Each structure stands twice: as C-alpha cells, then as structure tokens.
Amino acid sequence: MSGTTLVQSEEAKDYAATLRNRARLAANKNLLFWYRELYRDQFKDFPNPAALSILEIGSGTSPAKQFLSNIITSDVLDLDYLDLVFDCHEINKLDAIKDNSLDVITLTNVLHHLKSPIEFLNRAAGKLKSGGKVIATEPFFSLLSTPIFKYFHHEAVDFRISEPELSHVEGPLASANIALPWLIFFRKREWLQRLNDNFDLTSFSGRPFSALSYMATGGISHRLPVPHSLYRILFCVDLALSRRSPRLCAAFFTVTLTRR
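This text gives an overview of the structure that appears in the document.

The rules behind each value
- Residues numbered from 1 in each chain as written.
- Predicted model: local features only at pLDDT ≥ 70, side-chain atom pairs only at ≥ 80, totals over all residues.
- Heavy atoms only, no water.
- Pairing = 2+ DSSP bridges.
- Helix = DSSP H or I, 4+ residues; strand = E, 2+ residues; numbered from the N terminus.
- Patch = residues over 30% accessible without salt bridge, like charges linked within 9 Å, V, L, I, M, F, W, Y side chains within 5 Å.
- Areas by Shrake-Rupley, 256 points an atom, 1.4 Å probe, with all protein chains shown as cover.
- Salt bridge = Lys/Arg side-chain N within 4 Å of Asp/Glu carboxyl O.
- Buried < 20%, exposed > 50% of the residue type's maximum accessible area, 1.4 Å probe, protein only.
- Expected span 1.5 Å × (residues − 1).
- Arc of directions from axis to C-beta.
- Contact = heavy atoms within 4.5 Å.
- Right-handed = clockwise from strand over helix to strand, strands pointing away.

1. Focus: the sheet that holds strand β8 (residues 252-258)
Step number 1: Strand order in the open sheet made by the six strands is β2-β1-β5-β6-β8-β7, with mixed pairing throughout. The open sheet has two free edges, formed respectively by β2 (71-72) and β7 (205-208), since each of these has just one partner strand.
Step number 2: Sheet topology note: the strand β5 (residues 102-108)/strand β6 (residues 128-139) ladder contains six bridges and is parallel. Each residue of the ladder has a partner; that of T108, found in β6, is T137.

2. Considerations on a nonpolar patch on the surface
Step number 1: There is a patch of nonpolar side chains on the surface, built from I233, V237 and L241 and spanning about 280 Å² of accessible area.
Step number 2: Checked against the element boundaries, V237 lands in helix α9 (residues 228-244).
Step number 3: Given a relative accessible area of 47%, V237 falls into the partly exposed group.

3. Examining α9
Step number 1: Under the 1.5 Å per step criterion, the end-to-end length of α9 is 24 Å for 17 residues, consistent within 8% with the ideal 24 Å.
Step number 2: Here α9 has its buried residues at H228, Y231, F235, D238, L239 and S242. Mapping the buried residues of α9 onto a view down its axis gives an arc of 105°, with all of them on the same face. Seen from the open side of α9, the exposed residues pointing more than 90 degrees away from its buried face are S229, I233 and R244.
Step number 3: Where the residues of α9 are buried, they touch α2 (29-42), β7, α8 (213-216) and α10 (246-249).

4. A few points about unusual backbone geometry
Step number 1: For N100, which is not glycine, the phi dihedral falls at a positive 60°.
Step number 2: Checked against the element boundaries, N100 lands in the loop between β4 (84-85) and β5.
Step number 3: N100 gets classed as partly exposed once you look at its relative accessible area, which sits at 46%.
Step number 4: Even without a glycine there, the phi angle at S210 is positive, about 75°.
Step number 5: Looking at where S210 falls in the secondary structure, it is placed in the loop between β7 and α8.

5. Considerations on the pairing of β5
Here is the key point about a regular strand: its side chains alternate between the two faces of the sheet.
Step number 1: Taking burial as the measure, the seven residues of β5 include seven buried ones, the bulk of the element.
Step number 2: Pairing between strand β1 (residues 54-57) and β5: four bridges, direction parallel. Residue pairing across strands places E56 opposite T106, the latter belonging to β5.
Step number 3: Note that the unit made of β5, helix α4 (residues 117-124) and β6 has a crossover that is right-handed.

6. A closer look at the pattern of salt bridges
Step number 1: Taken as a whole, this structure holds 11 salt bridges when the rule is applied.
Step number 2: In this structure, K129 engages D103 in a salt bridge whose closest nitrogen and oxygen atoms are separated by 3.0 Å. Of this pair, K129 sits in strand β6 while D103 is found in strand β5, placing the two residues 26 residues apart along the sequence.
Step number 3: Here D158 ties to R160 by a salt bridge, and the two come within 3.6 Å at their closest N and O atoms.

Structure representation (structure tokens):
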C-alpha cells in the first residue's frame, strides 16, 4: 500500500469515527452536561463570552457551538458542519482568520493529538489580539487518574519522551500521547519556556477540572445508566474534590495562555 493510500485510509477511518463519536456524545445527556460545565469554566473570567471572537481547534466531535453559538469551528477533517477546514499546524498561513483578530483560541482534548503542540501554539499566537487567550483542556495525571488513563483508556500514554512532540503520526484521531500536554505544562519547565516569546508565562494558569465525573458518563465509547439528576449532584462533588486534592484525584486540567 502506498503512503498516499495509507493516509487516505486513515482519514476515512477518522472521518467515520468522528461522525460516530459526535452522535454518541449528542445522545449522552450526562456527557453533554460535563461539556457544558467545562465551557462555562473555560470562559468564566469573561463578562460576555458571546461578544468574543473565538476559534475552536478540533471541532469534529465537539458540542461547543451548542453552548457558544459565536464560536468559529474548525478541524483538519473535511466535515460539512464546520466553518473552517485546515491543518492547525499551518494556522499562520490561514487567510480566513486575520492576524491579531481573535480574542480566544480554544481546544478540548486536542493538543495531545498534535504532532508539535508547542509549534502550533507559537504559530497560533499571531492570530490572537495582544492579551488574547489560548484556553486548552487536557488530561491531568493524578494518583487516581494515571492508572485509568494508562490501563483503561485507548489512547497512548508515554512519559518518557525526550521532545514535546509525537514520534509517529497516522491520522488525526489515531495519533496521540495524552501525557504530552501535562508534561509541557506541569513537568518540563524547559518545554514551557519555548512559548515565552509569544505568551506571557507570568500570567500562565492551570486549574484542575473534575476527577471521575467524565468516566461516570461512560465517555464517548459507552453510556452508563446514571440518572441525570443524580449525576448533576455527583458532578459538583467531583469538581470540588478535584480542586481540593488535584494530585490525588484530578483527571483533567484547563490551561490559559495570554499572548504578549
């Protein structure tokens, strides 16, 4: 099989998987609630998120536009419900979004799929206004979440990488190292410093978001029979625990970077 045919085959698989995952998410009331609370938390420091110019990277499965209708959606896959289709690694070449025009670029569980997340972030900075934000949510590795991600999650976990990038790329969904963003933002200070030219790292913030409440929804692949009224209560307790003891039980974090 030629390289081109192999790439096309992977893209076809990812296309079908994205549509399937999008339908599953839409049918999972508890998972939609988890995402709704995530977006509220991501934008809690903005008085009027509806007035912002927001670009979302990796919108294939994302329900963000249900909650923030002004979001510009995008993905590398050519899906007919998206506003833009492009490879985010080449965002600096994207004419559809003017330089210095965006208030926010947001990503949820996307950075760990990127070949070179630091390269992407540095290139994306040019599309942000001065003081504009990148808001990204990714897996957090605590005592509780680490064995779950390592042994029960289908995506790769590799803490031993020597550079902040994926060593092997197959397709947008198949390629991943879910430890990569956590290493950049919490373990490898020298990697984080590579963003210093474009982002004010003195204002860098990272906060935990939830522990087991994502898993309690069944995630994308499954749907657990937890009554929605009970789930809402459990979510509030779970969020509080993740923030009280992040090293013990947090499973996700949201990082905010501010453009210089």
